[in-house]
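Letter by letter, the chains look like this.
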Amino acid sequence: MKTSAWVVAIFLLAGTASVHATVHDQLFKGTFDIPADAPTSAADAARFLTQATFGPTPADINYLMAQGYSEWIDEQLAKPVTLAEPTVEAVVFARTNGGLSVGQTQRLNRTYWQFAYAPDQLRQRMAFALSQIFVVSDQSSAISQDVVPMAHYQDLLANDAFGYYSTLLNDVTYSPTMGKYLNTYHNVAPVCSGSGSNKVCSTSPDENYAREVMQLFSVGLIMLNMDHSPVLSGGLPVPTYDQTIITHTAQVFTGFTYSNAPTNPANFYYTPTDYAGQYNPMACWGTELFSANNPNMKHDVNGDDEVFGVPLTVLGPSGVGSVTSINAATDCSIEIGAEMVAIASHPNVAPFISRQLIQRFVTSNPSPAYIQRVATVFDTAGNDLGDVIKAILTDTEARNPPALASGDSYGKLREPVLRLTAMWRAFNAKAPAPDAYGEVKMIAYGGFQGGFGQSPLESPTVFNFYLPDYQQPGTFADNGLYSPEFQITNTSTTYTSSNIYYWFTAQGYQGYTTGTPAAPPVDRPLIDLSSLTANAANPTAMVSTINASMMYGAMSAAMNTRLTTMLNEMKSGGTSPTEMAWSAIYVTMLSPEYSVQR
Amino acid sequence: MSQSRNSRREFLRNMACLACSGSAAALLPQLRMMGTAMAATTSLPAGYKALVCLYLQGGNDSWNLLVPWDTARFNTYAAARNGVYNSSTNSNGLGLAQPASGNAQIVTDLNNGNSATNKYFLHPNLTNLASLYKSNKLAFAVNVGSLKAPINMADYKAGTSVPPQLFSHADQTGQWHQANTSTTTALGWGGLCADDLQGQDANQTSNPQLSLCISIAGANRFEIGNIVNNPYQLSSSGLTNLNGMCNPCSGGASNSSLRDSALNDLLAATYPSDFAAEYGNVFGDARALFSTLKPNLNTGTYAVSTTFPNTTLGNQLKMVAAMIKLSKAQNYATRQIYFVQLGGFDLHSGFMSSADANNPPGNTSDHAGLLYQVDQAVNAFWSEISAQTLTNNVTLFTMTEFARTLQSNGSGADHAWGGVHFALGGAVNGGRLYTQGMNGLNGKGIDGAFPNQSYGTLTNPNPNAFSRGQFIPGLSVEQYAATFAKWMNVSGTGLTAAFPNLGSFPGGTLGFLPTA
């Protein structure tokens, strides 16, 4: 039996011969100084990387084993950000000059490239997780044409992924992409007439962002304890805020326009011709720019119920009825800053955000104690998201899963996007060369949003692809368990997602050709089947490689036997090693066991 | 996957639910599975009926769906909706223009004999719906919203009977789907009705694998019951083959059949992980039903004969019509509940555009464009149902999480509460507005047939609306929903299970459908 790189990676402690130079140093270090928290096996390392990255590779497994979890995470936290915007902008510019259409495909090709290849894997995973909380989506016509600004929004999330939560919240709030998606952009002070009790306003500020920044990006609808259990009063949950608070908060988020909208002569409704103007943080046309009675002063300087001179009462720290007073009759930036503090310092933020991040990385049903441990780090570190992700990944509940037994609800359904990227990385997928416009194509025929029900920054609504509290009917709902990813897993998407995986396995390996004259496809990465075809005479060894590379050694004996039987039948029938190889990968990708991350 | 395995699994699920619910409605399907004679004792009235829920996602601004036409009330409406910031993008505020006398969009409420106050007009892009209303196939239910109990402004201010999380998309969607305001259930009223209907449907149908609930728009709470606990979901493009497999296998040991067989065995195996087991269930169901449905769905004699618009909703309703045609012909079920959905109604901005003035649909993503899509798709659906001679057997109705503020935020409107809905069907007593219950709800609710759309003033506000024109509902979702359930012949026990608070609302169901 020829030993593949994967088998080396999983079953030998030492590394392979072909590793990156920096890895040599770490291996050398590892020889004499085995880190205290090193994975106990290559399978454990692969399992960790399944949680923390877009999928384990043999090189990453060896590197992690030499580094230990803590060092590996610290190094990832320090890695420079791989950006999307510069590349997307260059491609968009080149295509436009070439008379070609541009669209979200250009952004998505870059995003999937980063998922597959960016060295800052943990940061990219965190940005993807955050994009499912701080949702903007090209499914909204408000931003569907904003290809470059949306790439910049992705970079915003990546840049802030390991910074302070409050920084992230502030940057998201000022992002014109978010502004256009949830309507703070061009949200202006209302038109009112009369005064005192006869004051009548024919309009009111848009409430969309005021509502969702609290409901989805920070505190949620009900008061929470640190372990995410609801605070009860008389047996009932305590709402965090009410409609009155929404209306007041809507007044805060007024006066926004593009960063470079000219102020002299003033044109609030200016549309930038440059990309930077379209993605730089929005300007707020408050009293810092114009006097209060100047018609270009678009920020609402009135207090509650549009009365001037009274404060705005906004979100308070202990549920409905508790309020924070902020000064409305002041500069826009000061008022918004005060609102950001009111939100970011709310006690719900730590459990509300921590629980959702745990769901994205480790398990759909974290124990209350696990949430509390992470939420405590969230608070004590001053909302440092780098510390939070480290706490999530190194927690005993992440590292030491319960023994698999009937009725097991640990772990999560793998997100459809991650099922694809993990397969690419497992089999060293090689991206096509850039085309004449500098674009590296990754997504073949596209349409993942429909086929998977998931694709980056393509959620159908601000409520993400699935809700954190979704309960699949049957076992999950009956037992009070959550299963977010099942919201997009149904009798239709099981077929459509499988058919997408087919493009990247049966029609996506090195050596595959199509068309006339036959040529390799140039619209997708091509996986390397050699670790499997090398053992085409030995199906048992092929399945071992599948198990190590795709399932961190956790494949059940029954599944192992069934795949081996399939390959033996193919071998007996004279099937080519190549088809045996992609068949094994494809059937595994569709299998119940691969669909779960434990 | 074999049918016997699926049936066995379903039976086991049912047995599990027996312990967890204990209701009579939950019992009946166990009887069905056991094949006892008892099950036939509550058999349904003969004949096929289908209910089609059209969900308008995001909160449809239904105060522009149906507008009072007489000058006094129209002027009130126009004043409430005229708020403008930027005349270059939004010159008319949010208000529609008053059509001239004789315009085809003007309709009369046959429930109101007073000619001074019984005229309304439909949005100008709803030309087909106006025509269906005038042929008495379409009815409006006015100012429907989620309610615990009848409620007025004083109750609201005192916090009495206020539904939780008003104005929140996710929560109000949930409350419409479940037809009550509990925050602890994951069940929907369609699913609970299906539980009851399946129990009554014993041994009448040929394909017990196919859920009574079918969704063309993905997962939804509406169609989740205790027994009928997950809708069959298919896409608006129908059933596509699974690549690399045989669809289905026809004998012989091809590589496709070897993969197919391995996949099916993996899906059918038992797994200790609930996630793996449920994934196997879902994919297994997909494979089993694909084999049953694919050969005939929307092909040959089972193809729909109407041309549907190639839009999101047009394609979904086309698939509903195709499934109805096949299900009826093959006797897959005697009662079915469908779910379709059109998004984009959360129009905080982009509500109107200058493209709307002429030549519909104009801008397809603003409110006028979305209503145009609804009108065209529903009309095609109705033509097809007519061609299938099932007009008396099919009822389509709308749901949405809330209406929107009458008051503009400059380019759109924000979340509100009660709003206008419509029901369409040959069985519907149409050409009428249903507002019963607004009068005499123990002094609660809004007086008069159609809400007064004036804001009032700060010192003398409209007693039935909040300051931006968000109306306290006069009718509850339960009253509206139970009207459909009774028509479907849901039993008294089933009604109690699905609509526990119905008795709190004087008048009960709304009467636009017969109850048997």
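Conventions and cut-offs
Residues numbered from 1 in each chain as written. Chains lettered and ligands numbered in written order. Predicted model: local features only at pLDDT ≥ 70, side-chain atom pairs only at ≥ 80, totals over all residues. Helix = DSSP H or I, 4+ residues; strand = E, 2+ residues; numbered from the N terminus. Buried ≥ 20, exposed ≤ 12 C-beta atoms within 10 Å, placed from the backbone. Contact = placed C-beta atoms within 7 Å. Domains from an automatic or database assignment. Nonpolar A, V, L, I, M, F, W, Y, C, P; charged D, E, K, R; others polar. Core = buried A, V, L, I, M, F, W, Y, C linked by C-beta atoms within 7 Å. Expected span 1.5 Å × (residues − 1). Pairing = 2+ DSSP bridges.

A. Local environment of the overall build of chain B. Looking only at helices and strands, chain B has 13 helices and 14 strands in total. Within the span of chain B, comprising 516 residues, buried residues form 60% of the whole. Excluding contacts between residues fewer than 6 apart, the proportion of contacts in chain B whose partners are at least 24 apart in sequence is 71%.

B. Geometry of the overall build of chain A. Across its full length, chain A carries 27 helices and ten strands. With the C-alpha coordinates of chain A rotated into their principal frame, the extents come out at 90 × 60 × 50 Å. Taken over 598 residues, chain A has a buried fraction of 58%. The long-range fraction of contacts in chain A, counting pairs at least 24 apart against all pairs at least 6 apart in sequence, stands at 70%.

C. A look at the domain arrangement of chain B. Residue and element names in this part refer to chain B. Domain parsing of chain B yields domain 1 (1-36), domain 2 (50-238 + 302-504) and domain 3 (240-293). Computed over C-alpha atoms, the centres of domain 2 and domain 3 are 38 Å apart. A per-class count over the side of domain 2 that touches domain 3 returns three nonpolar, three polar and no charged.

D. Seen up close, the nonpolar core. In this structure, I392(A) and A584(A) are the most contacted members of the largest nonpolar core, which totals 325 residues. Ignoring anything within four residues of it in the chain, the contact list for I392(A) reads L357(A), I358(A), F361(A), V362(A), V374(A) and A398(A).

E. Molecular detail of helix 26 (residues 557-572) of chain A. All names here are of chain A. Taking 1.5 Å as the rise per residue, helix 26 with 16 residues should run 22 Å; its terminal C-alpha atoms sit 22 Å apart, in good agreement. Of all the positions in helix 26, only M559, R562, L563, T564, M566, L567 and M570 are classed as buried. G574, located one to two residues past helix 26, shows a positive phi value of around 80°.

F. Structural view of the interface of chain A and chain B. With 76 residues of chain A at the contact, the number on the chain B side is 66 residues. Those elements that place two or more of their residues in the side of chain A that touches chain B are helix 12 (208-215), helix 13 (243-252), strand 9 (412-413), helix 22 (475-478), helix 23 (493-504), helix 26 and helix 27 (577-589) of chain A. Sort the elements by how many residues they give to the side of chain A that touches chain B and helix 26 of chain A lands first, with seven residues.

G. Representation of the pairing of strand 5 (residues 138-145) of chain B. All names here are of chain B. Counting buried positions along strand 5 yields eight of eight residues, so the element is predominantly enclosed. One ladder, built from two bridges, connects strand 5 with strand 13 (residues 433-434); its direction is parallel. Across the sheet, residue F140 finds its bridge partner in strand 13, namely L433. In the sheet, strand 5 pairs with strand 14 (residues 475-476) via two bridges, with the strands oriented parallel. In the strand pairing of strand 14, V144 is matched with L475.

H. Here's a closer look at the environment of S256(B). Residues and elements named next belong to chain B. Counting through the fold element by element, S256 comes out in helix 8 (residues 255-268). Judged by local crowding, S256 falls into the partly exposed class, with 17 C-beta atoms found within 10 Å. Setting aside residues no more than four positions away along its own chain, S256 makes contact with G244, M245 and C246.

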